[in-house]
Amino acid sequence: MIAEAGHYALVLALALALIQSTVPMIGARLRDPVLMNVARSTALAQLLFVGLSFGALVLLHVISDFSVANVYENSHSLKPLIYKITGVWGNHEGSMLLWVSILALFGGLVALFGNNLPLSLRANALGVQGWVSTAFYLFILLTSNPFLRLVNPPLEGRDLNPVLQDPGLAIHPPMLYLGYVGFSISFSFAIAALIEGRIDAAWARWVRPWTLMAWMFLTLGIAMGSYWAYYELGWGGWWFWDPVENASLMPWLAGTALLHSAVVMEKRNALKVWTVLLAILTFSLSLLGTFLVRSGVLTSVHAFATDPTRGVFILLILCVFIGGSLSLYAWRASSLKQGGLFAPISREGALVLNNLLLTTACATVFIGTLYPLGLEVLTGERISVGAPFFNLTFAPLFVPLLLALPFGPLLAWKRGDIAGAAQRLYAAGIVALVSIAVLWAWVRGGSAFAPLAIGLAVFVIIGALTDIAERSMLFRMPLSIALRRARGLPRASWGTMFAHVGVGVALIGIVCETTWNTELISTLKPGDVAKVAGYELKLDDISQRQGPNFGEMLAHFTVSEGGKMIGVMTPSKRSFSTRAMSTTEAALMSRGVSQLYISLGDTAASGAIAVRIYHKPMVLLIWFGPLLMAFGGLLSLSDRRLRVGAPKPAKASRSLQPAE
Amino acid sequence: MSLWFLLALMTVGAIFAVLWPLSRRTDVKREGRESAVYQDQLAEIDRDIANGLIGETEGAAARVEISRRLLAAADAEEGSTVSSRLRLRRAVAMVALIGVPVLAGALYLHLGSPALPDFPLTSRARAPVPGQSLDQLVAQVQTHLEKNPTDGRGWSVLAPVLGRLGRFDDAAQAFRNAIRYDGDNAARRAGLGEALAGAANGVVTAEAKAEFERAVALDADEPKARYFLGVAAEQDGRPKEAAALWQDMLSKAPPDAPWRPVLEAALARVGAAVPAPSDSASAKIPALSNDTIASVQGMSEGDRGAMIRGMVDRLAARLKQNGDDVEGWLRLARAYMVLKEPDNARAARDDARRALAANEDGLRKLNEGLKALGIDG
């Protein structure tokens, strides 16, 4: 009954989505408030039914009802409870259900908290949201139904892919989906604005919290995924330019650009047409990202669904939504009125530069990811575009972006003073140069560019702090007044600072890890000692242990530094009998923000075991950076104040002229 | 609560979600407006100027810009009118009332399986679903025992099933665990002996015989142990002793004992007479007709032949893979002699000599054994 009730709830949600996608939009066209208000109740009811459906699937996984094909294929009665729950979205069907659940959640939130929106905008936006949900409900019900039953239920399930049996699965996909799907709201608002044919600064005010929320979750989701890959896959890498990672990076880059251009729009009523385009592109890239993974077009760890019949459906959805929205844009964009003007050197100008660089970066990732696919379709030739391509194209785009970053917040709206901004950044520049010099003198080995890159990161961090210091008039006013002013600053300004500092912090981590990481691959017998980066790691013994649904081989290492024991590390290899697969569980030991990393390889007949030991300096900063960024986003989100970009008036030159 | 009732309840909820706003009046004045945002922005400018975050001149310029937007927004809002389309509303209500249940019902009946009940793990563990194979059940019990290895009752249930499935090594282990965790008794010792004999292709080894003797010590009337002690005697070349034992069992046995035909067949095999049931027993049930006995005997004869054949073939296959087993070769040769197939016995002898060529000690033992069987040469 649980499975059938969940199935029916999903079907009902589809019926409601169909009404939500038509009635309110007709109402908005005819200006009938009652019809427009149908959007709210249907969105909320949809949330209820999808919630029921998702809850039913979770319950089925928890009670191991193997008469449901999805549970049989992806669960096992011996799995620990947490993996029974996370296993719900550790497979294609379940993850699509999570996707629509989050979509319905956002729709419900707009319906609940959208009281400040004009009726017709809300109706149209929820209507567009209804189209998206309709497409996804159909996709799930017709091609990826998680509620299909087995007449003769097998006794035991086939278990979840062991790589996914990790707490990371509890956090990474929901976060990522909250990000992907969150951008559907800005998309719906953009389409609604295009349909209504008018868009203004107020639009950006309304979209702001949704975009920020989506961006925050996407940032955290990507960072979490990267950390998960780092400790689970056992290669010690944290970013592989894997197509699936790129698929999540593209909406992030576009979303970051959207976040900044929306600020210009809200404060200065400029860049409206461009912002709408970015909103469409960001969600299109989210859709593409979801489907690149789902369709199995890309062969990677993530492609747990490989079914060509779904491909056609996916292609259809992509064509309708991306093609349709872009056509609508081409048709209606000219009817949108252009807004405020600004000089090239101004806050707006800086944000335009930010947008240009971010979207170009996004485009390079897009090409690098899809070019091999296109080539294979057209000529049948298989090539792979890997890290060298992305490193080569990304660096030239990000260096100017980061160099310009501290200038942006210091420039005035409408017309800025670059010399004045530069003057205020003297301190940041000097600190950056000193750190470059110190690094060159002090550090041995590694690329000569590394100190330069760290200098750049220091410049970004100090530059972001300078902005806050300037605004609160630190060093120019008595401390008590500066503190009072700092408290009085809008939380969005603090958010900007944290996010920008986060970029610098992540860059330091990335540069240090890639330049000075030490790797040792060796075969050790119990009693052997390996020396890495000043640490001595002694393999004490190797033991076996039985887990709930796996057998585990543990290696015990004693770690000492300078003869003093500092801890124990126990990397392990787990073998899962149901799928006849094994996973490596790396052991990590944090020393400050650096880490020691051990992962096990194969055992030799002699009892020796292959190990990879890494010392990764500053590696944790790679993930602290995104955490800071998301924290900045949270601060900005909590800022309920209105945003105004006061333009700097043209110099009152008349008063300087001699009187006649 | 039945499934259909639940589905109907959900449908009503969905229809209600559409009808609810249609039945309510909407106060347009209370809805959000664009001009409200600009008014708030103007207020924000005043606050920022008061806090000294922006200068007076910048503030004035911003105020001019925002006022311009405010005017434009107010104009647009002025121009918007509200209409009410009663007929359209009624049409929507009809669509909700009819369309939602029809669409949802049709799609669900096409995709769903309303007739299938739930099969959660806990309820299936109590009542096995018909159609499940014995192997699956055994696997389930085994996984349970892997987690709770001291569950003696579980072992004692599993052990005879494993024996019947022909997994003798597993069965022997299970009987040993049952004895260790759930107490020693004659039936378990006899079962262990039977499993050991099964693992040795039906030969009652010394180890198995020891178990049967322990069982008889615990319960002098344990039928399985006594039967196999007879088999042991027969295999040791003392058929008379075996026949005496079996005859004693039959004369004491209740007439409805299920193992009666087995004993009768065994007696027939060694050429001994089947004793009449004891007086008290024969008074209760009529004696079996001779035809019936003959048919039973004939059947078990054929079955037994097939069984022996299978065992011999298995042994031969095993020795082909792993020839370093003197006892095995001798057993194979003896089996062929019993089956009256001397050619095969000689072939086995030659194979054995080839397989044991490198093993001087084994070769000597083999030759001695072959001499005893009379196929030396």
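Residues numbered from 1 in each chain as written. Chains lettered and ligands numbered in written order. Predicted model: local features only at pLDDT ≥ 70, side-chain atom pairs only at ≥ 80, totals over all residues. Heavy atoms only, no water.

A. Inspection of the overall build of chain A at higher detail. Helix and strand counts for chain A stand at 20 helices and 10 strands. Expected size for 660 residues packed as a compact globule is a radius of gyration near 26 Å; at 27 Å, chain A falls within 12% of this value. Here the C-alpha coordinates of chain A stretch approximately 100 × 70 × 55 Å along the principal axes. The buried share of chain A, reckoned over its 660 residues, is 62%. At a minimum sequence separation of 6, the contacts of chain A that also span at least 24 residues come to 74%. (Helix = DSSP H or I, 4+ residues; strand = E, 2+ residues; numbered from the N terminus. Rg over C-alpha atoms; globule rule 2.2 N^0.38 Å. Buried < 20%, exposed > 50% of the residue type's maximum accessible area, 1.4 Å probe, protein only. Contact = heavy atoms within 4.5 Å.)

B. Examining the overall build of chain B more closely. Looking only at helices and strands, chain B features 18 helices and 0 strands. Burial analysis of chain B (377 residues in total) assigns 35% to the buried set. Surface accessibility of chain B: about 21,700 Å² in total, with carbon and sulfur atoms responsible for 57%. (Areas by Shrake-Rupley, 256 points an atom, 1.4 Å probe, with all protein chains shown as cover.)

C. Structural view of the interface of chain A and chain B. Facing 74 residues of chain A, the contacting portion of chain B comprises 71 residues. Here chain A and chain B share an interface that buries about 6,200 Å² over both sides, 66% of which is from carbon and sulfur atoms. Close ionic contact of Glu65 of chain B with Arg268 of chain A constitutes a salt bridge, the shortest N to O distance being 2.3 Å. Broken down by secondary-structure element, the contributors of at least two residues to the side of chain A that touches chain B are helix H1 (2-30), helix H2 (33-62), helix H6 (119-143), helix H8 (201-232), helix H9 (243-268) and helix H18 (479-488) of chain A. In terms of residue class, the side of chain A that touches chain B is built from 45 nonpolar, 12 polar and 17 charged. (Buried area = accessible area lost by both parts, 1.4 Å probe. Salt bridge = Lys/Arg side-chain N within 4 Å of Asp/Glu carboxyl O. Nonpolar A, V, L, I, M, F, W, Y, C, P; charged D, E, K, R; others polar.)

D. Broad picture of the pattern of salt bridges. In total, this model carries 33 salt bridges over all chains according to the counting rule given. Glu552 of chain A is paired through a salt bridge with Arg545 of chain A; the nearest N and O atoms lie 2.5 Å apart. Judged by relative accessible area, Glu552 of chain A falls into the buried class, the value being 3%. A network of salt bridges, in which partner residues are shared, links Arg268, Glu348 and Lys414 of chain A together with Glu65 and Arg69 of chain B.

E. Main features of the pairing of strand S5 (residues 564-569) of chain A. Residues and elements named next belong to chain A. As judged from the 5 bridges shared by strand S4 (residues 551-561) and S5, these two strands associate in the antiparallel manner. When the bridges of S5 are listed, Glu561 appears paired with Lys564. Hairpin connection between S4 and S5: a loop of 2 residues separates the two successive antiparallel strands, and Gly562 in this loop has a positive phi of roughly 60°. (Pairing = 2+ DSSP bridges.)

F. Up close: the sheet that holds strand S1 (residues 518-524) of chain A. Residues and elements named next belong to chain A. Reading across the sheet, the 4 strands line up as S1-S10-S9-S8 and stay open at both edges, with antiparallel pairing between neighbours. Here the strands that pair on one side only, and so sit at the sheet edges, are S1 and strand S8 (587-591). Neighbour-to-neighbour, the strand axes of this sheet turn through a mean angle of 15°, independent of strand direction. Pairing analysis gives 5 bridges linking S8 to strand S9 (residues 594-603), with the strands arranged antiparallel. Opposite Ala587, over in S9, you have Ile598 as the bridge partner. (Axes fitted to C-alpha atoms, helices over the stretch in contact; angles between N-to-C directions.)

G. Fine view of the packing of H6 of chain A against helix H7 (residues 168-196) of chain A. Residues and elements named next belong to chain A. Two numbers describe how H6 lies on H7: the axes approach to 8 Å, and their chain directions differ by 120°. When the axis of H6 is compared with that of H7, the two are oblique. For the crossing formed where H6 meets H7, the hand is right-handed. Along its contact with H6, which presents Ser120, Leu121, Asn124, Ala125, Val128, Gln129, Trp131 and Val132, the element H7 presents Ser184, Ile185, Phe187, Ser188, Phe189, Ile191, Ala192, Ala193, Ile195 and Glu196. Considering only residue class, the contact of H6 with H7 consists of 12 nonpolar, 5 polar and 1 charged. (Parallel < 35°, antiparallel > 145°, perpendicular 65-115°, else oblique. Left-handed = near helix turned anticlockwise from the far one by under 90°.)

H. Spatial organisation of a nonpolar patch on the surface. A grouping of Tyr426, Ile430, Val434, Val438 and Trp442 of chain A is seen on the molecular surface, where their side chains present a nonpolar patch of about 600 Å² in accessible area. A relative accessible area of 56% places Tyr426 of chain A in the exposed class. (Patch = residues over 30% accessible without salt bridge, like charges linked within 9 Å, V, L, I, M, F, W, Y side chains within 5 Å.)

I. Spatial organisation of helix H18 (residues 360-373) of chain B. Residues and elements named next belong to chain B. With 14 residues, H18 should cover 20 Å at 1.5 Å per step; its first-to-last C-alpha distance of 20 Å lies within 8% of that length. Among all positions of H18, only Gly362, Leu366, Gly369 and Leu370 are buried. End-on view of H18: buried residues confined to an arc of 100°, all on one side of the axis. In H18, the exposed positions angled more than 90 degrees off the buried face are occupied by Glu360, Glu368, Lys371 and Ala372. If you follow the buried residues of H18, they end up packed against helix H16 (326-338) and helix H17 (342-355). The first or second residue beyond H18 is Gly374, which carries a positive phi of 80°. (Expected span 1.5 Å × (residues − 1). Arc of directions from axis to C-beta.)

J. Highlighting the packing of aromatic side chains. Residue and element names in this part refer to chain A. Applying the stated criterion across every chain yields a total of 27 aromatic pairs over all chains. Geometrically, the ring pair formed by Phe139 and Phe291 is edge-to-face, given 5.6 Å between the ring centres and 80° between the ring planes. Residue Phe139 is located in helix H6, and its partner Phe291 is located in helix H10 (residues 272-294); the two are separated by 152 residues in the primary sequence. The exposure class of Phe139 is buried, given its relative accessible area of 0%. Classification of Phe291 as buried rests on a relative accessible area of 1%. With centroids separated by 4.9 Å and ring planes inclined at 50°, the aromatic side chains of Tyr230 and Trp623 adopt a geometry described as tilted. Of the two residues, Tyr230 sits in helix H8 while Trp623 sits in helix H20 (residues 621-638), which places them 393 residues apart along the sequence. (Phe/Tyr/Trp six-rings, centres within 6.5 Å; stacked < 30°, edge-to-face > 60°.)

K. Quick peek at the environment of Val138 of chain B. All names here are of chain B. In this fold, Val138 is placed in helix H6 (residues 134-147). Its relative accessible area of 3% is what places Val138 among the buried residues. Among residues more than four places away in sequence, those in contact with Val138 are Leu158, Val161, Leu162, Leu165 and Arg167.

L. Representation of unusual backbone geometry in the model. Residues and elements named next belong to chain A. Positive phi outside glycine occurs at Met473, with the angle close to 55°. Along the chain, Met473 falls in the loop between helix H17 (449-471) and H18. Even without being a glycine, Met618 presents a positive backbone phi close to 60°. Locating Met618 in the fold gives a position in the loop between strand S10 (609-616) and H20. Judged by its relative accessible area of 32%, Met618 is partly exposed.

M. Structural view of the domain arrangement of chain B. Residue and element names in this part refer to chain B. Partitioning chain B into structural domains gives domain 1 (8-111), domain 2 (137-237) and domain 3 (254-377). Facing the 7 residues of domain 2 at the interface are 11 residues of domain 3. Taken over both partners, the interface formed by domain 2 and domain 3 buries close to 760 Å², and the fraction arising from carbon and sulfur atoms is 58%. Of all residues in domain 2, Asn201, Tyr227 and Glu234 give up the largest surface area on contact with domain 3, accounting jointly for 66% of the area buried on that side. Between the two partners, domain 2 and domain 3, sit 0 salt bridges. Counting across the interface, domain 2 meets domain 3 through 0 residue pairs in polar contact (both at pLDDT 80 or more). A per-class count over the side of domain 2 that touches domain 3 returns 4 nonpolar, 2 polar and 1 charged. (Domains from an automatic or database assignment. Polar contact = N/O pair within 3.5 Å; in protein donor to acceptor, adjacent residues only side chain to side chain.)

N. Layout of the nonpolar core. Residue and element names in this part refer to chain A. Phe49, Trp99, Tyr137, Phe189, Trp203, Leu253 and Phe291 are the most contacted members of the largest nonpolar core, which totals 178 residues. Ranked by the residues each element gives to this core, the list is headed by H8, at 19 residues. Those residues in contact with Phe291 that lie beyond four places of it in its chain are Met96, Phe136, Phe139, Ile314, Ile317 and Leu318. (Core = buried A, V, L, I, M, F, W, Y, C linked by side-chain atoms within 4.5 Å.)

O. Region of the structure containing the confidence of the model for chain A. Residues and elements named next belong to chain A. Confidence along chain A averages 88 in pLDDT terms, with 95% of residues attaining 70 or more. Mean pLDDT values over the elements of chain A span from 85, in H18, up to 95, in H20. Taken together, the stretch residues 300-305 has pLDDT below 50 and engages in 20 contacts with residues farther than four places along the chain or on a different chain. Predicted confidence is poor over residues 652-660, with pLDDT under 50, and the contacts of this stretch with residues over four places away or in other chains come to 0 contacts. (pLDDT = per-residue confidence, 0-100.)

P. Highlighting the environment of Ser67 of chain B. Residues and elements named next belong to chain B. One can find Ser67 in helix H3 (residues 56-79). Separated by 59 residues in sequence, Ser67 and Ala8 place their C-alpha atoms 55 Å apart. Engagement of the side chain of Ser67 in a polar contact is seen with the backbone oxygen of Arg63, the distance being 2.6 Å.

Q. Just helix H8 (residues 168-182) of chain B, in detail. Residue and element names in this part refer to chain B. Between the first and last C-alpha of H8 there are 20 Å, a value that for 15 residues agrees with the 21 Å anticipated at 1.5 Å per step. Along H8, the residues classified as buried are Ala171, Ala172, Ala174, Phe175, Asn177, Ala178 and Ile179. Summarising the contacts, the buried residues of H8 are in contact with helix H7 (152-164) and helix H9 (186-199). Positive backbone phi, at 95°, marks Gly183, one or two positions downstream of H8.

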